[in-house]
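# Report on the structure
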Amino acid sequence: MTALTLTNVNKSFGNVHVLKDINLEVEDGEFVVFVGPSGCGKSTLLRVIAGLEDVSSGEVSIGGEIVNTTPPSRRGIAMVFQSYALYPHLNVRNNMTLALKQEKQSKQVIEQRVAEATRMLNLEDYLDRYPSELSGGQRQRVAIGRAIVRHPKLFLFDEPLSNLDAALRMNTRLEIANLHQQLKTSMIYVTHDQSEAMTLADKIVVLRAGRVEQVGSPMELYNNPVNQFVAGFLGSPAMNFMPASLISEGDTRTLGVRPEDLFQSDQGQLKASVQHVEQLGGDTNVIAKVKDHQITARLFGQHDIKPGAELSFGIAEGKSFYFDKDGARLRG
Amino acid sequence: MNKARTNPLNTAAMHGALILYTLIALFPVFVILINSFKSRKAIFREPLALPDADSFSMIGYQTVMKQGDFFLYFQNSMIVTVVSLTFILLFGAMAAFALSEYRFKGNMLMGLYLALGIMIPIRIGTVAILEMMVATGLVNSLMALILVYTAQGLPLAVFILSEFMRQVSDDLKNAGRIDGLSEYTIFFRLVLPLVRPAMATVAVFNMIPIWNDLWFPLILAPAEETKTLTLGSQVFIGQFVTDWNAVLSALSMAILPVLILYVIFSRQLIRGITSGAVK
Ligand SMILES: Nc1ncnc2c1ncn2[C@@H]1O[C@H](COP(=O)(O)OP(=O)(O)OP(=O)(O)O)[C@@H](O)[C@H]1O
Ligand SMILES: [Mg+2]
């Protein structure tokens, strides 16, 4: 069964057309990540799914039911916000139980759901505290707990980790992944961090300027991007783009090569002068200039390369991508 | 902490300035209070002296209690002020919420229209208001005053409160919507508590002019049973003789409730004024 179907969804604010003809299916139990640059409409799309914004045209259906006119609380969804959005005047327990009380659930059900969520998120010690007495990470866990107790058909996360520091972000990311495995509920997760998208997603939806650019599993998108935008957006360091004329005279296409597909070789076609070297221990990133074009090569292991050195790089067999001048992928 | 702030000389200067200001501000109140306990002769002989065994007299208070129904005036003032404030805060906050939260046609225009009232003094419309009150039979009723004061206070209330409500996190309101709270619950339970300092500011700014107003009570409700305290005190001020004991006693008693209300709101008020700085 499909958890969510979007059909030709459009959304305008006044005459600003924010979402353009979005079509999408989310299967039961799937973890779908929306990525895209800032302002591309990720949050707006999520809010349309939640029912916080009406669509301008098109159809939203959740669990096979068209919900265009259903209020947010009856769509069977739960949402976790970037700013946590905990109720400041309620303690942790009441923050989690408010929605259930609104649904007029019985005391036992409420008790049991809270117990289950607190166990999953290790919140036992904090139940009687107020949001202002919690750290950022704890607040985010409470916000997730507030979503879990509702047993929704669909979880919506809007950049839930972006206010946390790097170490906590890694931990919480794992926690969310674990949660998904335990709950087996469909989740939609918005981020502009491509590494979060790659690590969490069953399916990534890349958005640009209100349009879906490509949908697929992380490796599909990585290995087979449909255009230059998707190719450049996923992967870190990002894919190198340069005129193909650098390796074959008169070629007008754009050549794309991932940093890890460049290797050092005296016969290499790309003659580069090293600008900067990043020693990461496990890898070495070499930032160099080929004529006027900057490229990044990611070499495995540790290399003793000094800025100013002249090197040649080769491109791994079958790992070049070609794009036309509008950014569309050229195959063959 | 900042070094300049811990410097004892600076601290002393700062406190000195503040104490001086406090003294200047409190001086008139002090003079009114001490003179209200003095005999008429003593008031004119030595206006700044404290009442002593010789000059002490409760004659002013006795006159006030005897003449006119002072407690009724007091009650009228209280009712008018409290009910007007309640209406201003309630309707002002509701209008502000609608203007800041919902997108609808004419939203901007409506906001500007409401703000217009800040610039145009309501007294310009006194004649029209009086005609309206006569037509509706509301002359000489407290309702007339309450309606006028509510209208007078709303523009600024809407303006200030909608500015504050725009700052309340959208995510919080949306979380409430997803959890199934009605728009009313979101307004009363989530938004209002967060703009409480702004509400207190609005309340204080409106309270004092309403309590002290003489204009509208004199025009709209001069009857004996609807007189407010300020209007009631006027009987002691005559064209040729003024009963200063009574006037000063009435004023002393009129200060008290404003003081109490102010203390209630001031904590919130200070938080409202400094909230931007402290965060
Ligand atoms: N209420 C609104 N009125 C008018 N325009 C809006 C409104 N909400 C969003 N927009 C516009 O819609 C576009 C998409 O906004 P949205 O918040 O969905 O971006 P986003 O992809 O979530 O970006 P970010 O990564 O920065 O959160 C932006 O250009 C924004 O200016
Ligand atoms: Mg966003």
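The residue count restarts for each chain, going from 1 along the sequence in the order it is written. Lettering for chains starts from A, numbering for ligands starts from 1, and both go in the order in which the items are written. A pLDDT threshold of at least 70 governs which residues receive local features in this predicted model, and a stricter bar of 80 or more applies before side-chain atom pairs are shown or counted, although totals over entire chains, interfaces and linings include all residues. Side-chain metrics in this entry use all non-hydrogen atoms of the structure; hydrogen atoms and water are not considered.

This is how the line gets drawn: UniProt positions are given in the numbering used here, feature names are shortened, and annotations may be inferred rather than shown by experiment.
In the nomenclature of an unreviewed UniProt entry, chain B is known as Sugar ABC transporter, permease protein of Roseibium aggregatum. Quoted verbatim from the Subcellular location (unreviewed entry) field of UniProt, the annotation for chain B is "Cell membrane". Recorded in UniProt under Sequence similarities (unreviewed entry), the annotation for chain B is "Belongs to the binding-protein-dependent transport system permease family."

By the naming in an unreviewed UniProt entry, chain A goes by ABC transporter related protein and is assigned to Roseibium aggregatum. Heading Sequence similarities (unreviewed entry) of the UniProt record for chain A holds this comment: "Belongs to the ABC transporter superfamily." Its UniProt record, at the heading Subcellular location (unreviewed entry), says of chain A: "Cell inner membrane".

## Quick notes on the overall build of chain B
Under the convention used in this document: Secondary structure follows DSSP: runs of H or I at least 4 residues long count as helices, runs of E at least 2 residues long count as strands, and numbering of each begins at the N terminus. Under the scheme applied here, a residue whose accessible area is under 20% of the maximum for its type counts as buried, over 50% as exposed, and between as partly exposed, the area being computed with a 1.4 Å probe on protein chains only. Any two residues whose heavy atoms approach within 4.5 Å are treated as being in contact. Shrake-Rupley sampling with a 1.4 Å probe provides the accessible areas, and residues are treated as covered by the protein chains on show and by no other component. Residues scored as positive are Lys and Arg, those scored as negative are Asp and Glu, and His as well as the terminal groups of each chain are ignored. Charge positions come from single atoms, namely NZ of Lys, CZ of Arg, CG of Asp or CD of Glu.
For chain B, the helix and strand inventory stands at 14 helices and zero strands. Reading the secondary structure of chain B in the N-to-C direction produces α-α-α-α-α-α-α-α-α-α-α-α-α-α. Taken over the C-alpha atoms alone, chain B extends approximately 70 × 65 × 30 Å along its principal axes. Relative to its 279 residues, chain B shows a buried fraction of 40%. Across chain B, contacts joining residues at least 24 apart in sequence account for 72% of those joining residues at least 6 apart. Entry remark: accessible area of chain B is about 16,100 Å², with carbon and sulfur atoms responsible for 71%. One finds the centroid of the 19 positive side-chain charges in chain B at a distance of 8 Å from the centroid of its 15 negative side-chain charges.

## Details of the pattern of salt bridges
Stated formally: Salt bridge, as used here: a side-chain nitrogen of Lys or Arg that lies within 4 Å of a carboxyl oxygen of Asp or Glu.
According to the stated counting rule, one finds 17 salt bridges over all chains in the structure shown. Across the pair A:Arg150 and A:Glu103 runs a salt bridge whose closest N-O atoms are separated by 3.5 Å. Pair noted here: A:Arg150 is in the loop between α4 (136-148) and β7 (154-158) and A:Glu103 is in the loop between α2 (92-102) and α3 (107-121), with a separation of 47 residues, a long-range link. Residue A:Arg150 is classed as buried on the basis of its relative accessible area of 8%. Overall, the relative accessible area of 35% leaves A:Glu103 in the partly exposed class. In this structure, a network of salt bridges that share partners links the residues B:Glu101, B:Asp170, B:Lys173, B:Arg177 and B:Glu183.

## Concerning the domain arrangement of chain A
Residue and element names in this part refer to chain A. Inclusion rule: Where each domain starts and ends comes from a domain assignment, either automatic or drawn from a database. Buried surface area refers to the total accessible area, computed with a probe of radius 1.4 Å, that the two partners give up upon joining, counted for both partners together. In the analysis that follows, any N or O atom pair within 3.5 Å is treated as a polar contact, provided that within protein one partner can donate a hydrogen and the other can accept it, and provided that, for residues neighboring in sequence, both atoms belong to side chains. Just so you know the grouping, Ala, Val, Leu, Ile, Met, Phe, Trp, Tyr, Cys and Pro go in nonpolar, Asp, Glu, Lys and Arg go in charged, and all remaining residues, Gly too, go in polar.
Per the domain assignment, the segments making up chain A are domain 1 (2-230) and domain 2 (237-330). Look at where the C-alpha atoms of domain 1 and domain 2 centre, and you get two points 38 Å apart. Each side of the interface is counted separately: domain 1 has eight residues, and domain 2 has ten residues. Surface buried jointly by domain 1 and domain 2 totals about 730 Å² across both partners, of which 45% is contributed by carbon and sulfur atoms. When the area that domain 1 buries against domain 2 is broken down by residue, the three leading residues are Tyr222, Pro225 and Gln228, summing to 73%. The interface formed by domain 1 and domain 2 contains zero salt bridges. For the pair domain 1 and domain 2, the number of links is six residue pairs in polar contact (both at pLDDT 80 or more). In terms of residue count, the dominant contributor to the side of domain 1 that touches domain 2 is helix α7 (residues 218-223) (three residues). Taken together, the residues that form the side of domain 1 that touches domain 2 break down as four nonpolar, four polar and no charged.

## Considerations on the packing of aromatic side chains
All names here are of chain A. Heads up, the rule is: Put simply, two rings from Phe, Tyr or Trp (the six-membered ring, in Trp's case) pair if the centres are within 6.5 Å, and we call them stacked under 30 degrees between planes, edge-to-face over 60, tilted for the rest. Working rule: Lys NZ or Arg CZ, within 6 Å of ring centre, within 35 degrees of ring normal, means a charge sits over the ring.
If you walk through the whole model with that rule in mind, you get 14 aromatic pairs over all chains. Seen in terms of ring centroids, Phe229 and Phe233 are 5.7 Å apart; in terms of plane orientation they differ by 25°. Their pairing is stacked. Separated by four residues within a single helix, Phe229 and Phe233 lie in helix α8 (residues 228-233), roughly one turn from each other. Comparing Phe229 with Phe233 shows no difference in burial state: the two are buried. Grouping aromatic residues by their ring pairs yields a cluster made of Phe31, Phe155, Phe157 and Tyr189. Geometry around Tyr87 places Arg146 over its ring, the cationic atom sitting 4.8 Å from the centre. Lying across the ring of Tyr222, Arg258 places its NZ or CZ 3.7 Å from the centre.

## Some thoughts on the UniProt feature "transmembrane region" (unreviewed entry) in chain B
When the UniProt feature table is mapped to this numbering, "transmembrane region" (unreviewed entry) covers residues 12-34, 78-99, 111-130, 142-165, 186-208 and 246-265 of chain B. As annotated, residues 186-208 of chain B has a helix share of 96% and a strand share of 0%, and its two end C-alpha atoms lie 31 Å apart.

## Comments concerning the nonpolar core
The cut-off we apply is this: Take the buried residues of types Ala, Val, Leu, Ile, Met, Phe, Trp, Tyr and Cys, join any two whose side-chain atoms come within 4.5 Å, and each joined set is a nonpolar core.
A:Leu4, A:Leu6, A:Phe34, A:Ile49, A:Leu156, A:Ile188 and B:Met165 are the most contacted members of the largest nonpolar core, which has 89 residues in total. Considering every element that reaches this core, the biggest residue donor is helix α8 (residues 142-166) of chain B, with ten residues. What B:Met165 contacts, discounting residues up to four positions off in sequence, is B:Ala93, B:Ala96, B:Phe97, B:Ser100, B:Lys173, B:Phe187, B:Val191, B:Leu192 and B:Val195. With 45 residues, the next largest nonpolar core counts A:Val35, A:Val80, A:Ile110 and A:Leu164 among its residues.

## Section: the site of ligand 1
To keep it simple, the criterion reads: What makes a residue near a molecule or strand is one non-hydrogen atom of that residue sitting within 4 Å of it.
As a structural note, the neighbourhood of ligand 1 is formed by A:Phe13, A:Val18, A:Ser38, A:Gly39, A:Cys40, A:Gly41, A:Lys42, A:Ser43, A:Thr44, A:Glu159, A:His192 and B:Arg103. Around ligand 1, the neighbouring residues derive from chains A and B rather than from a single chain. A:Gly39 is positioned with one of its backbone polar atoms (N or O) 2.8 Å from an oxygen atom of ligand 1. Contacts to ligand 1 include A:Lys42, whose side-chain N or O atom sits 2.8 Å from an oxygen atom. Within the complex, 61% of the 640 Å² of free accessible area of ligand 1 lies under protein. Grouping the constituent residues of the shell around ligand 1 by class yields three nonpolar, six polar and three charged.

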